[in-house]
Amino acid sequence: MADTKIPPRTDVERAAGERTEPVSRRSTRTRATAGEGRMAALLVSPTLLVLTIVVLYPTVMALRQSLYGPKGLDPKTGFIRTTEPFVGLKNYADIFGAAGDRFWNAFWNTTLFTVVTVGLETVTGVAMALIMHKAFRGRALVRAGILVPWAVPTTISALLWRWIFNSDGVANALLGHQVLWTTEGFHAKVAVIVAEVWKTAPFIGLLVLAGLQVIPKDVYEAARLDGAGPPRQFWHITLPLVKPALLVAMLFRCMDALRMFDLPYILIGAQKNSVETLSMLAQNEASNVRFGPASAYAVLLFLYVFLIALAFVRLLGADLVGNGEGRGGNSGRRRMPLSRRTEVTA
């Protein structure tokens, strides 16, 4: 049987083959990427649909409603309007004009409650997490006791603290003199802050506890061998490693505190200048059938919450995902010199 020899490939055929193989691999990779993109869009579409129905549609309708005024009396005809008149940006102009004092009072109350409560909840929550993380007898009972306030509905919590801050309640009995906590004044703010911190500090403690449980014990063993005491271990090991979980908890609490409504509404009451928040202000306008101004307050509150959340994520975005690269993303990485990379490759 005669030997069949395959002629060697010419330079032209070899070059054509080298050009063909990368193109085929690129086309296969493109098809795979397109398929993954379609699968990702299919998986995310239910979430996007729910967000559209729950968030986007109400926001658009509130923005539309804020451009209309109350029915009231038509000055041209002298009859009651059957439809709400289009007033454009008049509701927003009234908020910063005629109703400016009430708006700014509610704005600063909301900001004060957010800053003070989130700060106190962060300190208290970290302390709770450290206690719950320790191994001791009865730890399960202590954890349950710490997490009970978070499980109590806000309405029940407000009624409980209203009984505590009553004129003849537990708070005045402990202080030894009578303070009217549920009336106008600075003491009303203190009552709301105390009740809010008691209610929501366990939430931050729970998230920080989850971050503590993923820290390897070897890190603390090494620090202990190096002579680091508990304070140094906390500042240089515990706090940096739980920072992503702590920042996420603070972000959630900031967004929740900015929308505070039910606790001061039940604990102190409606239309109290000392504790009136933006949510309470919007609800008061809606209860008086002034849906246009109420929607304008709701839109401003939405923008306030959105800007705070956006600033939080933009300034601390890298820390929120825990990559430790700072605000510059990949800019914090040290690049290896080209000559060094060449030596490693060789």
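The rules behind each value
- Residues numbered from 1 in each chain as written.
- Predicted model: local features only at pLDDT ≥ 70, side-chain atom pairs only at ≥ 80, totals over all residues.
- Heavy atoms only, no water.
- Helix = DSSP H or I, 4+ residues; strand = E, 2+ residues; numbered from the N terminus.
- Buried < 20%, exposed > 50% of the residue type's maximum accessible area, 1.4 Å probe, protein only.
- Contact = heavy atoms within 4.5 Å.
- Areas by Shrake-Rupley, 256 points an atom, 1.4 Å probe, with all protein chains shown as cover.
- Axes fitted to C-alpha atoms, helices over the stretch in contact; angles between N-to-C directions.
- Left-handed = near helix turned anticlockwise from the far one by under 90°.
- Nonpolar A, V, L, I, M, F, W, Y, C, P; charged D, E, K, R; others polar.
- 1 Å grid on protein atoms, 1.4 Å probe; cavity = no way out; pocket = protein on both sides within 12 Å on 5 of 7 lines; lining within 4 Å.
- Points joined across faces, edges and corners; volume = space filled by probe spheres on them.
- Core = buried A, V, L, I, M, F, W, Y, C linked by side-chain atoms within 4.5 Å.
- Parallel < 35°, antiparallel > 145°, perpendicular 65-115°, else oblique.

S.K.: What's the story with the overall build of the protein in this structure? I'm lost.
M.R.: Of regular secondary structure, the protein possesses 13 helices and zero strands. The secondary structure elements of the protein, listed N-terminal to C-terminal, are α-α-α-α-α-α-α-α-α-α-α-α-α. Looking at the protein as a whole, 31% of its 346 residues are labelled buried. Of the contacts made within the protein by residues no fewer than 6 positions apart, 66% connect residues no fewer than 24 positions apart. Within the structure as shown, the protein displays about 22,300 Å² of accessible surface, and the carbon and sulfur contribution to it stands at 66%.

S.K.: Explain the packing of helix H3 (residues 100–133) against helix H9 (residues 230–258) here, please?
M.R.: As a packed pair, H3 and H9 sit with axes 10 Å apart at the nearest point and diverge in direction by 140°. H3 and H9 meet at a crossing whose hand is right-handed. Judged by residue contacts, Thr-110, Thr-114, Thr-117, Val-118, Glu-121, Thr-122, Val-126 and Leu-130 of H3 engage Phe-234, Thr-238, Leu-246, Met-250, Arg-253, Cys-254, Ala-257 and Leu-258 from H9. In terms of residue class, the contact of H3 with H9 is built from nine nonpolar, five polar and two charged.

S.K.: Explain empty space enclosed by the protein here, please?
M.R.: All told, the structure shown has one cavity of 30 Å³ or more when counted by the stated rule. Roughly 30 Å³ of internal volume is contained in the largest cavity. Among the elements that line the lining of the largest cavity, the one with the most residues is helix H11 (residues 278–287), at three residues.

S.K.: Looking at this structure, I do not really get the nonpolar core. What am I missing?
M.R.: Nonpolar side chains tend toward joint burial in soluble globular proteins. Within the largest apolar cluster, 38 residues are counted, with the highest numbers of intra-cluster contacts made by Phe-165, Val-192, Val-208, Leu-267 and Ile-268. Listed by contribution, the elements that provide at least two residues to this core are H3, helix H5 (154–164), helix H7 (186–212), helix H8 (217–225), H9 and helix H10 (262–267). With twelve residues, the single largest contributor to this core is H7. Excluding its chain neighbours within four sequence positions, the residues that come into contact with Ile-268 are Arg-162, Trp-181, Thr-182, Ala-188, Ala-191, Val-192, Leu-263 and Val-275.

S.K.: Please explain the environment of Asp-262 as it appears in this structure.
M.R.: Inspection of the secondary structure puts Asp-262 in helix H10. For the pair Asp-262 and Met-280, spaced 18 residues apart in sequence, the C-alpha to C-alpha distance is 8.4 Å.

S.K.: Sorry if this is basic, but what is going on with the packing of H5 against H7 here?
M.R.: If you want to describe how two helices pack, look at the angle between their axes and the distance between the axes. H7 packs onto H5 with a crossing angle of 135° between their chain directions and a minimal axis gap of 10 Å. For the element pair H5 / H7, the angle class is oblique. Pair H5 / H7 crosses with right-handed handedness. For the pair formed by H5 and H7, the contact residues are Thr-154, Ser-157, Leu-160 and Trp-161 on the first element and Val-194, Ala-195, Trp-198 and Lys-199 on the second. The class makeup of the residues in the contact of H5 with H7 is five nonpolar, two polar and one charged.

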